[in-house]
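Commentary on secondary and tertiary structure
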Amino acid sequence: MPSKTYSDGEIVMGRWPGGHLYYEVQVMGYNKSTQLYTVKYKDGTELNLKENDIKSLNFFKSKKSSSSSRQRSRSRSRSPARTQTPKQSNSRGKESRKLVEKEEVRTVDISKLKSVHQIQENSTNSKATCMTDYTGEKEKNKIYRLIEQKTSKETVTDQLDLYNLQAKKEEAKLVNLEAKDGHLLAKKQAVQIQECGFRARVGAAVMIFLLPAVLILLLLMCAQDEPSSLNFQPQISHLPALWNSSAFGIFVLWFLFQALLYMLPIGKVVDGVPLTNGKTLKYRINALYAFLMCAVVLGVALYNEVNLSYIYYHLLQLAISAVVFAFLFSIYLYARSWRVPADDLAPEGNSGSYVYDFFIGRELNPRIRNFDLKYFCELRPGLMGWVVINLGLLFAEMNVQNRNVPSLAMILVNCFQLLYVLDALWNEAGILTTMDIVHEGFGYMLAFGDLVWVPFVYSLQAYYLVNHPNELSWPLALAIIVLNTVGYTIFRASNSQKNAFRRNPHDPKLAYLKTIPTATGKSLIVSGWWGFVRHPNYLGDLIMALAWSLPCGFNHILPYFYVIYFTCLLVHREARDEHQCRKKYGVAWNKYCQQVRYRIIPYVY
């Protein structure tokens, strides 16, 4: 294995990905398994570079010396493409000659470079031009300059030393970007690979077994007449209490039925967010149609007197069947990830630790032809299965409690959570901009979460109400409805604002938003919902989670497990978001945090 050439903390020159321009960077670390250096630019941007994309400072000094000696020699042949200019050149020509004779180093504002990359990603209105060459009799190189773009937004004023090691013809190709269909083509940086630590590997191994155990524990406790961790005595005398082949078959059929609906040629096809490997995947938006078809099938089943209470009496077996399926499915995902190109791997899924990579997911967007496995699992089997389970528990409450109609508490829980699911299906395209789709690999973590945790843990309130009814008064019910409405409004409005800005930051409807430009060419919203707190969508989620639990009363903490768990999840997720954003946006993120102080809950956290 090649030895490490540059030491940590060393100042070197790093080539910007996709071009021939070099900048002064600091070496932050070296990954032996991938042979990539992590370097940090002056504006805080961190990238992973190959060794041949890094040069020492002495290398440029030697280039300068050799170039100066060549200039003193009069025997060098002139390129046929060069044109002679009169000795009486104008002031601009004199200025360019002085710059060449002094050194072949040009310093430009970072805002110019950012404007080029911003053009590559978003802008169809901005223009990049290259100034006319001015060459004197003794000039040996062309001078290219970028005219700073005139935009309405702020520009970063940090400066980086810019070097060019390639021929000027190649630099011209970089500056004069090729346009196609009104959009400029861009090449993204290769996928980043990070090395996970010991705690991450141990944590991943623990979570693989801990999550199923917690799920089974919760379901067993809910089934007791007086659920408590103190008198917990699981009544499992033989294997059929945990495993049922019919339940496993039902779960597999449900998964395949959803896959069939996903493949139907209905709904529009849209482009996803450009990924770090430069690819833009296409997705068919038809989850709402699939839900309506499921509703028709359920209506036919109820009309034919199919007993949906079966779900309640076999919920534990169905949950364990889902656990087994998710584990086998994750093994398949991990095995197939070794047969895909390196640029299709997730940024964090190629750490070299088998356990951690299995848990976090190696492949970013695994597909069987056009069938996107991760995208399919995000909304289909688990989210719609959650609604079906709630409906089965509603009928079970009527049977167990000898009621002619469901309780008001059960109706509220079903309606609140149905609204949440319908919102996700209606705004299906919005999920394409989420961290799960764009950044996370598809492994055990997401597979278990989508197929097992969502349908069987999120339905815990309805499962609790079957054996522990709670009669709500109408004033209290109205207060809970108002609380859920507030949470949903914050959740939907903030997500819609974010998704619209990511899709088209130049939309006139979003002109009122204040933004901070970043080194990536993108901008951070510092007004509207995202100027209120850094994660307003998380705030709305937490308020709704509380509203879902309140109908169960205050006799036991078990129905509030979802609120407690979800709070911990969002705090942890927010910390990961913070780390990723600070690494990606550098000083711009620090400036954003100064303007938007609170992370999730205003004046609290």
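Residues numbered from 1 in each chain as written. Predicted model: local features only at pLDDT ≥ 70, side-chain atom pairs only at ≥ 80, totals over all residues. Heavy atoms only, no water.

1. Details of a nonpolar patch on the surface
- A grouping of Trp243, Val324, Phe327, Leu328 and Ile331 is seen on the molecular surface, where their side chains present a nonpolar patch of about 400 Å² in accessible area.
- Examined against the element boundaries, isoleucine 331 turns out to sit in helix H9 (residues 315–336). (Patch = residues over 30% accessible without salt bridge, like charges linked within 9 Å, V, L, I, M, F, W, Y side chains within 5 Å. Areas by Shrake-Rupley, 256 points an atom, 1.4 Å probe, with all protein chains shown as cover. Salt bridge = Lys/Arg side-chain N within 4 Å of Asp/Glu carboxyl O. Helix = DSSP H or I, 4+ residues; strand = E, 2+ residues; numbered from the N terminus.)

2. Quick look at the packing of helix H7 (residues 287–303) against helix H13 (residues 408–426)
- Running from amino to carboxyl end, H7 crosses H13 at an angle of 135 degrees, the nearest separation of the two axes being 8 Å. In this view, H7 runs oblique relative to H13, as classed from their interaxial angle. Contact with H7, carried on its side by Ala287, Leu288 and Phe291, involves Leu418, Leu422, Leu425 and Trp426 of H13 and no other residues of that element.
- Considering only residue class, the contact of H7 with H13 consists of 7 nonpolar, no polar and no charged. (Axes fitted to C-alpha atoms, helices over the stretch in contact; angles between N-to-C directions. Parallel < 35°, antiparallel > 145°, perpendicular 65-115°, else oblique. Contact = heavy atoms within 4.5 Å. Nonpolar A, V, L, I, M, F, W, Y, C, P; charged D, E, K, R; others polar.)

3. Notes on H9
- Here H9 spans 31 Å end to end across 22 residues, near enough to the 32 Å set by a 1.5 Å rise per residue.
- Of all 22 residues that make up H9, 16 are buried, and the element is covered over most of its length. (Expected span 1.5 Å × (residues − 1). Buried < 20%, exposed > 50% of the residue type's maximum accessible area, 1.4 Å probe, protein only.)

4. Notes on the pattern of salt bridges
- Under the definition given, this model contains 12 salt bridges.
- Here aspartate 423 makes a salt bridge to arginine 492, at a shortest N to O gap of 2.7 Å. Placement of aspartate 423 in helix H13 and of arginine 492 in helix H17 (residues 474–503) is noted, with a sequence separation of 69 residues between them.
- For aspartate 423, a relative accessible area of 5% puts it in the buried group.
- Beyond isolated ion pairs, a larger network of salt bridges with shared partners links Arg534, Glu578 and Arg582.

5. Notes on the nonpolar core
- Core analysis: the biggest nonpolar cluster contains 114 residues, and Leu215, Phe329, Val452, Phe456 and Tyr458 have the highest contact counts within it.
- With 12 residues, the single largest contributor to this core is H9.
- Here this core spans two domains, since at least three of its residues come from each of domain 2 (199–226 + 240–470) and domain 3 (472–604).
- When neighbours within four sequence positions are excluded, tyrosine 458 is seen to be in contact with Trp386, Gln417, Trp453, Tyr562, Tyr565 and Phe566.
- In this structure, Leu510, Trp530, Tyr585 and Trp589 belong to the second largest nonpolar core, which totals 15 residues. (Core = buried A, V, L, I, M, F, W, Y, C linked by side-chain atoms within 4.5 Å. Domains from an automatic or database assignment.)

6. Some points on the packing of helix H12 (residues 381–400) against helix H16 (residues 460–467)
- Interaxial distance between H12 and H16 falls to 8 Å at its minimum, and their mutual angle equals 10 degrees. Here H12 lies roughly parallel to H16, going by the angle between them. Residues Asn390, Leu393, Ala396, Glu397 and Val400 of H12 form the contact with H16, whose own contacting residues are Ala462, Tyr463, Leu465, Val466 and Asn467.
- The residue makeup of the contact of H12 with H16, split by class, is 7 nonpolar, 2 polar and 1 charged.

7. Considerations on the pairing of strand S11 (residues 282–285)
- Of the two faces of S11, only the one carrying Tyr283 and Ile285 is buried; Lys282 and Arg284 on the other face are not.
- Bridging between strand S10 (residues 268–271) and S11 involves 4 bridges; their strand directions are antiparallel. Opposite aspartate 271, over in S11, you have lysine 282 as the bridge partner. (Pairing = 2+ DSSP bridges.)

8. Describing helix H20 (residues 587–595)
- Among all positions in H20, only Ala588, Trp589, Tyr592 and Cys593 are buried. Buried residues of H20 fall within an arc of 140 degrees about the axis and therefore sit on the same side.
- Those residues of H20 that are buried are in contact with strand S14 (515–517), strand S15 (523–525) and helix H19 (561–585). (Arc of directions from axis to C-beta.)

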